[in-house]
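Below are the chains, spelled out letter by letter.
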Amino acid sequence: MLTNTCCLVYITPNAIQWYDGMSRKVRIHVSSLDVGKVEKNASGDHSSTPFELAIMDDKRCTFVSQTEKGCLHDNEYLIFRNTHFVGEQMGVKITFIQEEKPNLITYVLFENRSPGMVKSYILDDQRSLIGMIKVRHLIIRPFQYAGVDSGSEPCPQFQMLIRKGIHVGHRGAGVDRRVDLSDKFLENTISSLNYAVKSGADMVEFDVHLSKDNVPILYHDFSVYVTLHKKDPQDHDTLELPVKDLTYRQLKLLKLGPERDSQKRLEFVDSDADDNQPFCSLEKALKNVSPCAFNVEIKYDTENPAYDDINHFVDTILKIIFEYHNNRDIVISSFDPDVCVMAQMKQSKYPVLFLIDDIKKPMDVAGVETIPSIEMACYYASAMNLSGVNCYAQNLITDKSLIRFVLSQGLILFCYGAHINDRSIIEDLVKEGVHGLIYDKIDIISPKKHLESMIGN
């Protein structure tokens, strides 16, 4: 568990641009720089604290000390880490080591945000501008909460469950509204979660992000679509409002109108019981959902970041989890790699899974589209000491070797997606070794439920 400020520096394969078009074979060395306290030692170098290095490949995805010669930057994805980073105004010194030529140096001064992206120019020994490097940084601060116990055992029941395959209710009883049931359970509500538990779920999954007044709430989308009732009763229009711009009270007041998109309504109605209303607080879910493990998916809009520093965002959610967990087994997951790393480094009690989208789409790790495979995502998870990955199921169904690869890395493997809303596919993936399966309509599809009904007959 993190006790000091940590700095991560990401240098991607295409991070360096040489203006003269020449291809340079350089080795990179990164050291810390406190901009407010730049000093020089006897050799004239700026004082620094040590960074470690991990390279995103099968052999080198564990952090090790840098060598004085640096690391060759040759189409590699490099991550540098310093777990004792200090200074109010911070940056790094990057040295480009060339064979039989003078070293090149650039100083990267970080933005006052985390994560941040900085472009820094590279000068030669004649002070001529010869290139530019794009550096992404993430500053992670310790989680300051008295309830965090660094020595606590991480989810003992969860460790037992993964040996036999965990059946997880997706957003409780399933996506959208269960119109096939008399209670018409709405996704991500207390009623939906409790129904999934009653139907035999080992774990229930739901989505969490923050309201404007920093209340962690259960809701999937980043926006709500409010129906505007105009003077003409036949004339309707919708207004998109980001969830982050509405207070918890304002969200709870929304009744008619919010939509998944302009064509598909979630049909929030006044007649729904309170426990079947959207925007339940995470605190209420922890207090009121029947005993069952939780998969808390932290939603963060990576493409449209709402916070200059996501430390506060992650800390706010973690605080509620630690304050109201009531000894419940909990797994944390997110599609955002920064959220995953922060959740992992700030505490050691709850496992963290890196959610991976369909690999046919460009995969975004650390804000750069350079991760085209589940394999690369596994290297990232291993480097950051995440417990595992949660993959799009169709990729595993199409290529079973990916399952064996993930397991060979010693990672926990979950999967999700509409393609596993089928009992036979679920049973097959469990046999292949998948630890957790997140699917809809667990009351109908679950192999355990099917077995119970056969025995009952």
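As a starting point, this report considers the structure included with it.

Definitions and limits used
Residues numbered from 1 in each chain as written. Predicted model: local features only at pLDDT ≥ 70, side-chain atom pairs only at ≥ 80, totals over all residues. Heavy atoms only, no water. Phe/Tyr/Trp six-rings, centres within 6.5 Å; stacked < 30°, edge-to-face > 60°. Helix = DSSP H or I, 4+ residues; strand = E, 2+ residues; numbered from the N terminus. Buried < 20%, exposed > 50% of the residue type's maximum accessible area, 1.4 Å probe, protein only. Lys NZ or Arg CZ within 6 Å of the ring centre and 35° of its normal. Axes fitted to C-alpha atoms, helices over the stretch in contact; angles between N-to-C directions. Parallel < 35°, antiparallel > 145°, perpendicular 65-115°, else oblique. Left-handed = near helix turned anticlockwise from the far one by under 90°. Contact = heavy atoms within 4.5 Å. Pairing = 2+ DSSP bridges. Salt bridge = Lys/Arg side-chain N within 4 Å of Asp/Glu carboxyl O.

## Some words on the packing of aromatic side chains
All chains considered together, the criterion is met by 16 aromatic pairs. Ring geometry for phenylalanine 51 versus phenylalanine 85: centroids 5.9 Å apart, planes at 70 degrees, classification edge-to-face. Taken together, the residues phenylalanine 51 in the loop between strand E3 (26–34) and strand E4 (52–55) and phenylalanine 85 in the loop between strand E7 (78–82) and strand E8 (90–98) connect sequence positions 34 residues apart. Both residues of the pair, phenylalanine 51 and phenylalanine 85, count as buried. In this structure, arginine 24 packs its charged tip against the face of tryptophan 18, placed 4.7 Å from the ring centre. Directly above the aromatic system of phenylalanine 294 lies the positively charged group of arginine 328, at a separation of 4.0 Å from the ring centroid.

## Side note on the packing of helix H5 (residues 310–324) against helix H6 (residues 337–346)
Running from N to C, H5 and H6 point in directions that differ by 55 degrees, and their axes come no closer than 10 Å. Judged by the angle between their axes, H5 and H6 are oblique. For the crossing formed where H5 meets H6, the hand is right-handed. Judged by residue contacts, Ile310, Asn311, Phe313, Val314, Asp315 and Leu318 of H5 engage Asp338, Val339, Met342, Ala343 and Lys346 from H6.

## Details of the pairing of E8
Summarising burial for E8: nine of the nine residues are buried, a large majority. Side-chain alternation along E8 places Met90, Val92, Ile94, Phe96 and Gln98 on one buried face and Gly91, Lys93, Thr95 and Ile97 on a second face that is also buried. Bridging between E8 and strand E9 (residues 104–109) involves six bridges; their strand directions are antiparallel. Residue pairing across strands places isoleucine 94 opposite threonine 106, the latter belonging to E9. In textbook terms, the turn of a hairpin is the stretch between consecutive antiparallel strands, and for E8 and E9 this stretch comprises five residues, one of which, glutamate 100, has a positive phi near 60 degrees.

## Quick look at the pattern of salt bridges
Overall, the coordinates contain 20 salt bridges when judged by the stated rule. For lysine 346, the salt bridge identified is with aspartate 315, shortest N-O distance 3.0 Å. With a gap of 31 residues between them, lysine 346 in helix H6 and aspartate 315 in helix H5 connect regions that are remote in the sequence. On the basis of relative accessibility, which here comes to 18%, the residue aspartate 315 falls in the buried class. The structure contains a network of salt bridges with shared partners spanning Asp57, Arg60 and Glu76.

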